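Each chain, letter by letter, is given below.
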Amino acid sequence: MTISEYLNYDTNSAKSLVTGAQVHIKKREAREFKAGGAWIYDNEIERVTGEFENGDIVCVLDFDGYFLGYGFLNMHSTIRVRMLARKKEDIITPAFLKARVRAAWDYRKAVIDTSSCRIIFGEADFLPGLTVDKYEDVLVVESLALGAEKLKDLLLSSLVQILKEDGIAIRGIFERSDAKVREKEGLARTSGFLSEEFDTNVPITENGVKYIVDVKDGQKTGFFLDQKENRKSIWPICRGARVLDCFTHTGSFGLNAAAAGAVHVTSIDASELAIAQAQENARLNGFEDRIDYVVGDVFDFLPSKHREGQKYDVVILDPPAFTKSRSSVKAAIGGYREINRQGLALVRDGGFLATCSCSHFMTADLFQQAIAQAAHDAHKRLRQVEFRQQGPDHPILWANDASYYLKFYIFQVVDEK
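Attention here is on the structure that accompanies the text. (Residues numbered from 1 in each chain as written. Predicted model: local features only at pLDDT ≥ 70, side-chain atom pairs only at ≥ 80, totals over all residues. Heavy atoms only, no water.)

### Overview of the overall build of the protein chain
Secondary structure assignment for the protein chain yields twelve helices and 20 strands. Against the 2.2 N^0.38 benchmark of 22 Å for 417 residues, the protein chain shows a C-alpha radius of gyration of 23 Å, consistent with a compact globule. In the protein chain, which comprises 417 residues, the share counted as buried stands at 55%. Counting every atom, the protein chain has about 17,900 Å² of accessible surface; 49% of that belongs to carbon and sulfur. (Helix = DSSP H or I, 4+ residues; strand = E, 2+ residues; numbered from the N terminus. Rg over C-alpha atoms; globule rule 2.2 N^0.38 Å. Buried < 20%, exposed > 50% of the residue type's maximum accessible area, 1.4 Å probe, protein only. Areas by Shrake-Rupley, 256 points an atom, 1.4 Å probe, with all protein chains shown as cover.)

Put into C-alpha cells, the structure is as follows:
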C-alpha cells in the first residue's frame, strides 16, 4: 500500500468482524484468563462450534455458556485464543479497533515524549500480537499473531489517520515480522516495506542525543526504545566519570554517558555491525574523541581488564536476554550472576553499577538474588540508588506476565566494610 491508501482506508465501518464460531472452555479451566490474563491455551478448550478460519474473531463462552469475551482463534497455536474484549456489547468492528488504536496513542501523549516511541505494545494495549514503533515520521511494525496479521492493514491505516489528525505525516512503514515465534502461529517470517520505499537509516533524537536507526537490519525494530528513560537516569552518575559500557549495541548508554559529561567512555559489543553504527552515532554527536569502541566478547573483556587492574567510575551492563524460556532460567541466573560479579570487580570504591535484565522469565526476585550473590562473590556491598523498569510506552499489564520484562538497577558500589 501507499501512504495515501492507508489514509483512504475505511476504518470507520460499524460492520461486525466477529464470526459465528464459538469457543467453549472446559469446566474449571482458563483460570489465568479469568484472573485478568490475555490468553486461552489449547488444553483449556472443550470444543469449537461454528464455521471459522484460523485468525478469525470468535466468541468465547465458559463451560456453562456464560459469555467471556471475543478473541482471535488459531487452531495452529498453543495460545489458542488471544483476547480482544471482555464485554458483550463491545462488538469488534473497524471503528472499535480504530478507537483502541486512538487510546494507545493518547496514552503515549500523556506519559512520554512521542517523537520516537512505541505506540502499540500488543496485549498491553489490548491489540494482541501487534507491535508498532514510531521513529520520527517512520513506523516499524511487528506482527506475531495470525489474528493481528489479518487486521494489520486496518490497524496501521487507523494509526496513520490518527497521527495525521495530530499533524504528524508518516512517510513510510517497514515490517520486521521476522521473529521465529511467527512459525508457531503458522506464519512465515517476513520483512520489508509496507509502503513506498524509503531510506531505512532513520535519524532520531532522544534525550538530546542523535542516532541513526537502521530499521531494516538493526536488532528488533532497529532500536531499544524501552530504555529511553533509563538512559537518561544515568546522567547524574556519569558527570566527570570514566565509564565502561558493556553490550553497547549501537552505543546508546555510552552516548548518554558522554552527553552527561563523562570524561571517557569505553563501549564494547560482539557485533561489528552494531559497533560501526555506534561509531557513526558518536560522530553525529561530536563524541568520537571521548568514546573508544571495542568489538569483543564481554565475558572475556571484563576479566582481562580486572587482571590489568583497571577500575571505572561507572560500569553499565545491558546484556541481551539470557533466557527466553522457563527451561533455561537456571542457566540464565548463573549468567547474570557471573556478568555482574565481573562488572562489580571493575567498579572503584564508591563508584556505580547500572545493570539490567530484559527477560520476563527472569523475574525481579530472581534478578535481585543473582545480583546479591554476585556482590557477595565480588566482596562488594551495594547501596541501591534506583530501581527502574521499561519505559511507560511499554506499559505493564497486570496479570499479563509477558508484558513485564525489563528490570534496571543503579547501585553505588563500596568495598566490603
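### Some thoughts on unusual backbone geometry
Here the phi dihedral of Arg28 falls at roughly 60 degrees; this positive angle occurs in a residue that is not glycine. Since its relative accessible area comes to 57%, Arg28 is described here as exposed. If you check the backbone angles, Phe126 has positive phi at about 60 degrees while not being a glycine. Mapped onto the fold, Phe126 is located in the loop between strand E7 (116-121) and strand E8 (130-135).

### A look at the sheet that holds strand E3 (residues 45-49)
Taken in spatial order, the six strands line up as E2-E6-E5-E4-E1-E3 in an open sheet, and their pairing is mixed. Unpaired on one side and paired on the other, strand E2 (39-41) and E3 mark the two borders of the sheet. Across the sheet, the mean angle from the axis of one strand to that of its neighbour is 35 degrees, orientation sign disregarded. Where strand E4 (residues 57-61) and strand E5 (residues 67-73) come together, five bridges link them in antiparallel fashion. In the sheet register, Val60 faces E5, and the bridge partner there is Gly69. (Pairing = 2+ DSSP bridges. Axes fitted to C-alpha atoms, helices over the stretch in contact; angles between N-to-C directions.)

### Side note on the packing of helix H10 (residues 298-307) against helix H11 (residues 329-345)
Two elements in contact, H10 and H11, have axes separated by 9 Å at closest approach and are oriented at 30 degrees. It follows that H10 is roughly parallel to H11 by the angle criterion. In terms of crossing hand, the pair formed by H10 and H11 is left-handed. Here H10 contributes Val298, Phe299, Leu302, Pro303 and His306 to the contact with H11, which in turn contributes Gly335, Glu338, Ile339, Gln342, Gly343 and Ala345. Among the residues forming the contact of H10 with H11, the class breakdown is six nonpolar, four polar and one charged. (Parallel < 35°, antiparallel > 145°, perpendicular 65-115°, else oblique. Left-handed = near helix turned anticlockwise from the far one by under 90°. Contact = heavy atoms within 4.5 Å. Nonpolar A, V, L, I, M, F, W, Y, C, P; charged D, E, K, R; others polar.)

### Looking at the nonpolar core
Residues Tyr135, Ile234 and Val243 are the most contacted members of the largest nonpolar core, which totals 44 residues. Other than its neighbours up to four places away in sequence, Val243 contacts Cys238, Ala257, Ala262, His264, Val265, Thr266, Tyr312, Val314 and Ile316. Listed in part, the 39 residues of the second largest apolar core include Ala85, Ala104, Leu154 and Leu194. (Core = buried A, V, L, I, M, F, W, Y, C linked by side-chain atoms within 4.5 Å.)

### Concerning helix H5 (residues 152-165)
Taking 1.5 Å as the rise per residue, H5 with 14 residues should run 20 Å; its terminal C-alpha atoms sit 20 Å apart, in good agreement. With eleven of 14 residues buried, H5 is to be regarded as a mostly interior element. When H5 is considered as a whole, its buried residues turn out to be Lys152, Leu154, Leu155, Leu156, Ser157, Ser158, Leu159, Val160, Gln161, Ile162 and Leu163. (Expected span 1.5 Å × (residues − 1).)

### Side note on the packing of aromatic side chains
In this structure the tally under the stated criterion is 13 aromatic pairs. Here Tyr336 and Phe367 contribute two aromatic rings whose centre-to-centre distance is 5.6 Å and whose plane-to-plane angle is 75 degrees, an arrangement assigned as edge-to-face. Of this pair, Tyr336 sits in helix H11 while Phe367 is found in helix H12 (residues 364-377), placing the two residues 31 residues apart along the sequence. Exposure remark for Tyr336: the relative accessible area of 0% places this residue in the buried category. (Phe/Tyr/Trp six-rings, centres within 6.5 Å; stacked < 30°, edge-to-face > 60°.)

### Examining the sheet that holds strand E11 (residues 190-193)
What holds strands together in a sheet is hydrogen bonding between their backbones, with the strands either parallel or antiparallel. Strand order in the open sheet formed by five strands is E7-E8-E9-E10-E11, with mixed pairing between adjacent strands. Two strands close off the open sheet at either side, each with one partner strand: E7 and E11. Each strand axis lies, on average, 15 degrees off the axis of its neighbour in the sheet, ignoring direction. Note: E7 against E8, five bridges, orientation antiparallel. The partner of Cys117 across the bridge, within E8, is Lys134. On top of the sheet, H5 reaches E7, E8, strand E9 (138-143) and strand E10 (172-177); it is set at about 155 degrees to E9, its chief contact.

### Observations regarding the packing of H11 against H12
In contact at an axis separation of 8 Å, H11 and H12 are set at 45 degrees when each is read in the N-to-C sense. By the angle between their directions, the pair H11 and H12 is classed as oblique. Crossing of H11 against H12: the hand is right-handed. On the side of H11, the interface is formed by Val329, Ile333, Tyr336, Arg337, Asn340, Arg341 and Leu344, while H12 contributes Leu366, Phe367, Ala370, Ile371, Gln373, Ala374, Ala375 and Asp377. Here the residues of the contact of H11 with H12 sort into ten nonpolar, two polar and three charged.

### Here's the deal with the pattern of salt bridges
Working definition: two side chains of opposite charge can pair if their charged atoms are close together. Enumeration over the complete set of coordinates arrives at 26 salt bridges. One salt bridge in this structure joins Asp217 and Lys216, with 3.5 Å as the shortest N-O distance. Assessed through its relative accessible area of 46%, Asp217 is described here as partly exposed. Close ionic contact of Asp313 with Arg348 constitutes a salt bridge, the shortest N to O distance being 2.5 Å. Taken together, the residues span a long stretch of sequence, with Asp313 in strand E17 (residues 312-317) and Arg348 in strand E18 (residues 347-357) at a distance of 35 residues. One network of salt bridges, with partners in common, ties together Glu149, Lys152, Glu175 and Arg182. (Salt bridge = Lys/Arg side-chain N within 4 Å of Asp/Glu carboxyl O.)

### Structural notes on the side chain of Thr200
Here Thr200 is to be found in the loop between E11 and strand E12 (201-206). When residues no more than four places from it in sequence are discounted, the contact partners of Thr200 are Phe174, Phe193, Val213, Asp214, Val215 and Lys216.

### Remarks on the pairing of E4
Across the five residues of E4, five count as buried, placing the element largely inside the fold. Sheet topology note: the strand E1 (residues 18-25)/E4 ladder contains four bridges and is parallel. Looking at the pairing, Val18 lines up with Ile57 of E4. Counted between consecutive antiparallel strands, the loop separating E4 from E5 contains five residues, among which Gly65 sits at a positive phi close to 90 degrees.

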